[in-house]
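Tertiary structure, described
Here are the chains, one letter per residue:
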Amino acid sequence: MSWIKRAALVVLAVSAVTTASKAADPTIRVGMVRAVSAGALLIAVERGYFKELGLNVVVEEADSSANVLALLSQNRFQVVMGGLSAGYFNAVEKGLPIVIAMSRVSTPIRHNLLLRADLADRVKEIRQLKGKTIATNGPGSVSTYEIGKILETAGLALADVDLRVIPFGQYAIAFANKAIDAALAIAPWSVQLPKQGLAVPFADSDELITPSPVSISVASINTDWAKASPDLARAFFVGYQRGARDYCQAYHGGSPRRQIIDLLIRSGAETRPEPLDEYVWPSADPFGRVNVASMLDMQAWFVRHKYAGAQVPAEKLVDASYADYAAQKLGPFVLENKASTLAGCR
């Protein structure tokens, strides 16, 4: 069964309401990239946060945020949740009716530039990556930005390495066949590949990339829809941010953790519960704030490297009013597990 079918079943299961009440609620279609951070949206549906606000939220799979920006601009999705990419900056430059409304995942994220295990004795410094083959999951993706920023700390540029585009799920084969020397990996691959003896941690994105925190994944909206239905748009982000705060509690080992793990397994975002207990989840901001300085740095980097066109001012890239409205409605965020030492989700 495909992930989209599994996700649809989860959404149907967790939003059990009568047919009549569903018909009465306005529908908001959300395109969501499969990831652990999907737990924030799934738990908001399961706990009825959207239903309390009179919304019927329908979640559909998105292969990548870049691929669904066209659907968002056409209002086939009202909201898209996924990684920030060069495609977004290009879409806004072209005047498409989309804007970032809220941060979804931000550093610390524990992304790591992994080095092939058999090179560990020979490659000790970032500058020694010159001429090496490095994998990214997409040419205009955040991963490519991270690789570029890491290289720059040693005076290198993308032109100094052989950049290969390989899906995360194929990194293991590429390392095993010695087709790549290094790769920018996210969880669970950043944990699994070293455990398999295929790679070793080499450079930590959280330590090296500035400005930070970096908004890695965001929630974008169709601005035409939002202007026509401002109350619905604001209500959606109140409901979503409640789910994101539950996710943050779970991130720190709080009470929603097991429920979110179960949801992620049932949706197919993860296949086994064990990895979700082994590695630290992607972090989120409980107030949905986008670090504008980081976003502008990312845009400027994509422009310099010809992945994006002209730079667009911040006010066209982010509409902070939705995060501000949700924060005002929800009030302070109080951590359940005050003993947690994790830096993210605060």
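Sequence order as written defines residue numbering, which begins from 1 separately in each chain. The predicted nature of this model means local features are confined to residues of pLDDT at least 70 and side-chain atom pairs, given and counted, to a pLDDT of 80 or more, with totals for whole chains, interfaces and linings taken over all residues. Side-chain metrics rest on all non-hydrogen atoms present in the structure, leaving aside hydrogens and water.

Paired strands, in this sense, are two strands between which DSSP finds at least two bridges. Numbering of helices and strands runs from the N terminus, with a helix taken as a DSSP run of H or I at least four residues long and a strand as a DSSP run of E at least two residues long. The 5 strands lie next to each other as β7-β6-β8-β5-β9, forming an open sheet whose pairing is mixed. Two strands bound the open sheet, and with one partner strand each, they are β7 (162-165) and β9 (199-204). Strand after strand, the sheet turns through a mean of 30° between neighbouring axes, direction not considered. Judged from the 4 bridges that link them, strand β6 (residues 133-136) and β7 form a sheet pairing that is parallel. Simply put, an axis is a line fit to the C-alpha atoms, just over the touching stretch for a helix, and the angle between two N-to-C directions goes from 0 to 180 degrees.

Here we come to the confidence of the model for the protein. Close reading of the predicted structure is inappropriate where its pLDDT is low. A residue's pLDDT is the predictor's confidence in that residue, given on a scale from 0 to 100. Here the protein averages 91 in pLDDT, while 92% of its residues score no lower than 70. When checking whether two residues touch, look at their non-hydrogen atoms; a contact exists if any pair is within 4.5 Å. Here residues 12-22 scores under 50 on pLDDT; set against residues more than four positions off or in separate chains, the count is 11 contacts.

Before going further, it helps to spend a moment on helix α3 (residues 39-46). Each residue's exposure class comes from its accessible area (1.4 Å probe, protein chains only) as a fraction of the maximum for that residue type: buried when under 20%, exposed when over 50%, partly exposed otherwise. In terms of residue burial, α3 counts as a mostly covered element, since 7 of its 8 residues are buried. Among all positions of α3, only Gly39, Ala40, Leu41, Leu42, Ile43, Ala44 and Val45 are buried. With its phi angle positive at about 75°, Gly48 sits one or two positions after the end of α3.

It is the contact of α3 with helix α13 (residues 257-267), at a shortest axis distance of 9 Å, that shows an interaxial angle of 105°. In this view, α3 runs roughly perpendicular relative to α13, as classed from their interaxial angle. Packed against α3, whose contacting residues are Gly39, Leu42, Ile43 and Glu46, the element α13 presents Gln259, Ile260, Leu263, Leu264, Arg266 and Ser267 at the interface. In this count, Pro and Cys sit with the nonpolar residues alongside Ala, Val, Leu, Ile, Met, Phe, Trp and Tyr, while Asp, Glu, Lys and Arg are called charged and the others, Gly among them, polar. A breakdown of the residues in the contact of α3 with α13 according to their chemical character gives 5 nonpolar, 3 polar and 2 charged. Working definition: roughly parallel below 35 degrees, roughly antiparallel above 145 degrees, roughly perpendicular at 65 to 115 degrees, and oblique for all remaining angles.

Right, let's get into the sheet that holds strand β3 (residues 79-83). The strand order across the open sheet built from 5 strands is β2-β1-β3-β10-β4, with neighbouring strands paired in mixed fashion. Here the strands that pair on one side only, and so sit at the sheet edges, are β2 (56-62) and β4 (98-106). Averaged over all neighbouring strand pairs, the angle between strand axes comes to 20°, with direction disregarded. Strand direction decides the pairing type here: β4 and strand β10 (residues 215-222), joined by 7 bridges, are antiparallel. Within β10, the residue paired with Ile98 across the bridge is Asn222.

With that settled, the discussion passes to the nonpolar core. Only buried residues count toward a nonpolar core. Its members are Ala, Val, Leu, Ile, Met, Phe, Trp, Tyr and Cys residues joined through side-chain atoms within 4.5 Å. Ranked by internal contacts, the top residues of the largest apolar core, which has 101 residues, are Tyr88, Phe236 and Trp281. If you tally residues by element for this core, the top one is helix α12 (residues 230-251), at 11 residues. Those residues within four positions of Trp281 in sequence are excluded, and the remaining contacts are Val36, Tyr247, Ala250, Tyr251, Arg257, Ile260, Ile261 and Leu276. One finds Ile166, Ala183, Leu193 and Leu198 within the second-largest nonpolar core, a separate group that totals 14 residues.

Residue position: Ser283 is located in the loop between α14 (273-278) and α15 (292-304). Taking the relative accessible area as the measure of exposure, Ser283 reaches 1% and is therefore buried. Contacts described as polar in this section are N or O atom pairs within 3.5 Å, which, within protein, must combine one atom able to donate a hydrogen with one able to accept it, while residues neighboring in sequence count only if both atoms come from side chains. Polar side-chain contacts of Ser283 include one of 2.8 Å to the backbone nitrogen of Cys345. Those residues in contact with Ser283, other than ones at most four positions away along the chain, are Arg104, Val105, Ser106, Thr107, Pro108, Tyr251, Gly344 and Cys345.

Next up on the list: the pattern of salt bridges. One side-chain nitrogen of Lys or Arg within 4 Å of one carboxyl oxygen of Asp or Glu is enough to make a salt bridge. Across all of its chains, the model carries 18 salt bridges by this definition. Between Glu46 and Arg266 there is a salt bridge; the shortest N-O distance is 3.4 Å. Of this pair, Glu46 sits in helix α3 while Arg266 sits in helix α13; the two residues are 220 residues apart in sequence, bridging distant segments of the chain. Under the relative-accessibility criterion, Glu46 is labelled partly exposed at 23%. The exposure class assigned to Arg266 is partly exposed, which follows from its relative accessible area of 41%. For Glu52, the salt bridge goes to Arg242, with nearest N and O atoms at 2.9 Å. Here Arg242 lies in helix α12 and Glu52 lies in helix α4 (residues 49-52), a separation of 190 residues in the sequence. With a relative accessible area of 57%, Glu52 lands in the exposed category. Take Arg242: its relative accessible area is 27%, and that puts it in the partly exposed class. What you see here is one network of salt bridges that share partners, running through Arg116, Asp118, Arg122, Lys178 and Asp181.

Our focus in this paragraph is the packing of aromatic side chains. In this scheme Phe, Tyr and Trp rings, the latter by its six-membered ring, pair at centre separations within 6.5 Å, and the angle between planes marks the pair as stacked below 30 degrees, edge-to-face above 60, and tilted otherwise. Here the structure, examined in full by the defined rule, presents 14 aromatic pairs. Taken together, a centroid distance of 5.8 Å and an interplanar angle of 85° make the contact between Tyr145 and Trp301 edge-to-face. Here Tyr145 is found in helix α7 (residues 142-152), whereas its partner Trp301 is found in helix α15, with 156 residues between them in sequence. Residue classification places Trp301 among the buried positions, given a relative accessible area of 0%. Between the aromatic rings of Phe302 and Tyr307, the centroid separation amounts to 6.1 Å while the plane-to-plane angle is 90°, which identifies the pairing as edge-to-face. Given a relative accessible area of 0%, Phe302 falls into the buried group.

Turning next to the side chain of Ser267. Mapping Ser267 onto the fold places it in helix α13. A polar contact of 3.1 Å, which involves the side chain of Ser267, links it to the backbone oxygen of Leu264.

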